Amino acid sequence: MIGALAAITGQTARLSFRSGGGAFVGLVFFLAVVTIVPFGLGPDLNLLSRIGPAVLWIGALLAALLGIDRLFHEDHEDGSLDLLLLSGLPLELVVLARALGHWLATGLPLVIAAPLFGLLLGIPPLALAAVTLTLLAGTPALTLIGAIGAALMTALGRGGLLVAILVLPFTIPVLIFGVSAAAATIIGPAPFMPPFLILCAFTLVSAVVAPIAGAAALRASLA
Amino acid sequence: MPMAFIELANPSRFLDWSGRLLPFLWVATGVALGIGLYLSFFVAPPDYQQGETVRIMYIHVPSAWLAMFGYALMASAALGTLVWRHPLADVAARSMAPIGAAFTFLALVTGSLWGKPMWGTYWVWDARLTSVLVLFLMYLGLIALWRAVDDPGRAARLVAVLILVGAVNLPIIKFSVDWWNTLHQPASVLRIGGPTIDASMLWPLLIMAVAMMLFFLALTTMAMRNEILRRRLRTLQLTAAATAG
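Note that the structure is predicted; figures quoted are calculated from it, not measured.

*Asks:* Quick one: what's the story with the overall build of chain B, residue by residue and with numbers?
*Replies:* Regarding its fold elements, chain B presents seven helices and zero strands. Along chain B, helices and strands appear, N-terminal first, in the series α-α-α-α-α-α-α. The buried share among the 245 residues of chain B stands at 34%. For chain B, the proportion of contacts with a sequence separation of at least 24, taken over those separated by at least 6, is 79%.

In structure tokens:
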């Protein structure tokens, strides 16, 4: 069973990495968001470095949700979702494997690119490390929450904007704790660890809730 | 579930007994709303700090309560949809969503109208306001999902999953927003705390809460009847189309 799940993870990662330039488009979108912010706020590096972690987080949040609405849709169209259902694998773990694969192909590149993009915003090195660490801990939660939305949209096909509407409210806690942990190293007298640990807890909780809810949504859309 | 409850929840029987109940429900709503509004506008004293604007509270607070109560009811209906596959549970949830959203909207609007004279601004990113705004967003998302899925049975189960995910997440969001708020904006807003409210204001508030609750139930019952009839109509149309073609 582990082998089958690992195969699903690898297949999802490869597919989203190669087809339609999943990881690449996400990265470019992330860069575009980071680039556009100074045009809105002015090129003042002091301001930018102060709000930089928040900008990176919002950019990563939007980029992580980009394209996630297709997570199960193609499987549904070509029938492989039915095969997965019949395979006897627990659907919850299939959802988890899918989300993990998607994160490897789209979330991880965002995390790796974050310190580089952070330099554009003049974020100090310590905060840069903090942002990267919080993104590493937090983006899996974003992908998992997005997977619930993707599972709800499976039978619909045209989900793009709707997934964002459904999923964004649920990402608020992740954003709050991610940004406050990262910002603690720049502005705050508040310590880094408490919000960071809560962020990790969110990721773990969503690793439990998202597969259950996603599997329920998949069963509902196939029934 | 007890048998009597199942009997009552049969759609035809529901149409029957709810039709007989509705006039009484509306009369009760009218009486309670009349008494409540009279008490809150003419009998309750103006606040020593806020003056007459405190009367907004008698609309605002019950609306906010109903916004959350509506979601709780929808969550239990969603459980009914997923666990017992009961058709009426989905009808109930679907009928309640716009009404709950309307009360959430009412709470937001009255709150911001109250905020202007009290805080000097229509909106502050206070923890409570923000949480209610998120709740409003979730109501709208649920309604959008309902409208996006064509097949009613499939829509029922999908939305039920989302409602339950929301029910799990709402406390987490509330907690996060509180944390965020204390981090960014420590205690800038003075509010009347629940237990410190004087009896002369508490009674009108409670009567208004009961009145608005009755109003909510009456509206929901009517919406549910409409929804049942709409589905029957749809079935009839589908049958007609099938026999004609």
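*Asks:* Which residues make up the overall build of chain A, and what are the values?
*Replies:* Within chain A, the regular secondary structure consists of nine helices and zero strands. Computed over its C-alpha atoms, the radius of gyration of chain A comes to 18 Å, within 12% of the 17 Å expected for a compact globule of 223 residues. C-alpha extents for chain A along the principal axes are approximately 55 × 35 × 30 Å. The burial tally for chain A puts 52% of its 223 residues in the buried class. In chain A, 82% of the contacts between residues at least 6 apart in sequence involve partners at least 24 apart.

*Asks:* Summarise the packing of helix α8 (residues 160-184) of chain A against helix α9 (residues 193-222) of chain A; cite the residues concerned and give the values.
*Replies:* How two helices sit against one another is set out by the angle between their axes and by the gap between those axes. Residue and element names in this part refer to chain A. Their axes nearest at 8 Å, the elements α8 and α9 cross at an angle of 150 degrees. By the angle between their directions, the pair α8 and α9 is classed as roughly antiparallel. Both α8 and α9 take part in a crossing whose hand is left-handed. Contacts from P173, V174, F177, G178, S180, A181 and A184 in α8 reach P195, F196, I198, L199 and F202 in α9. Looking at the contact of α8 with α9, its residues break down into ten nonpolar, two polar and no charged.

*Asks:* Any details on the nonpolar core? Residues and values, ideally.
*Replies:* Counting 135 residues, the largest nonpolar core has A:A60, A:A147, A:L152, A:A217, B:A93, B:V161 and B:L162 as the members making the most contacts within it. At 16 residues, helix α7 (residues 125-153) of chain A tops the list of elements feeding residues into this core. Excluding its chain neighbours within four sequence positions, the residues that come into contact with A:A147 are A:I68, A:L71, A:V95, A:R98, A:A99, A:A210 and A:G214.

*Asks:* Before we move on, could you go through the interface of chain B and chain A and cite the residues and values that matter?
*Replies:* Counting residues at the interface gives 22 residues for chain B and 22 residues for chain A. Residue assignment for the side of chain B that touches chain A shows that the elements contributing at least two residues are α5 (127-148) and α6 (152-184) of chain B. The dominant element in the side of chain B that touches chain A, judged by the number of residues it contributes, is α6(B), at 14 residues. For the side of chain B that touches chain A, the per-class residue count stands at 17 nonpolar, three polar and two charged.

*Asks:* Describe in detail helix α3 (residues 45-65) of chain A, supporting the description with residues and values.
*Replies:* All names here are of chain A. Compared with an ideal rise of 1.5 Å per residue, which puts 21 residues at 30 Å, α3 spans 28 Å between its outermost C-alpha atoms and is within 8% of the ideal. Where α3 bends most, the angle comes to about 55 degrees, and this point is I51, followed within four residues by the proline P53. All of the buried residues in α3 are G52, P53, V55, L56, W57, G59, A60, L61, A63, A64 and L65. Residue G67 follows α3 closely and has a positive phi angle near 80 degrees.

Calculation rules
- Residues numbered from 1 in each chain as written.
- Chains lettered and ligands numbered in written order.
- Predicted model: local features only at pLDDT ≥ 70, side-chain atom pairs only at ≥ 80, totals over all residues.
- Helix = DSSP H or I, 4+ residues; strand = E, 2+ residues; numbered from the N terminus.
- Buried ≥ 20, exposed ≤ 12 C-beta atoms within 10 Å, placed from the backbone.
- Contact = placed C-beta atoms within 7 Å.
- Rg over C-alpha atoms; globule rule 2.2 N^0.38 Å.
- Axes fitted to C-alpha atoms, helices over the stretch in contact; angles between N-to-C directions.
- Parallel < 35°, antiparallel > 145°, perpendicular 65-115°, else oblique.
- Left-handed = near helix turned anticlockwise from the far one by under 90°.
- Nonpolar A, V, L, I, M, F, W, Y, C, P; charged D, E, K, R; others polar.
- Core = buried A, V, L, I, M, F, W, Y, C linked by C-beta atoms within 7 Å.
- Expected span 1.5 Å × (residues − 1).
- Bend = angle between axes of the 7 residues up to and from the residue.

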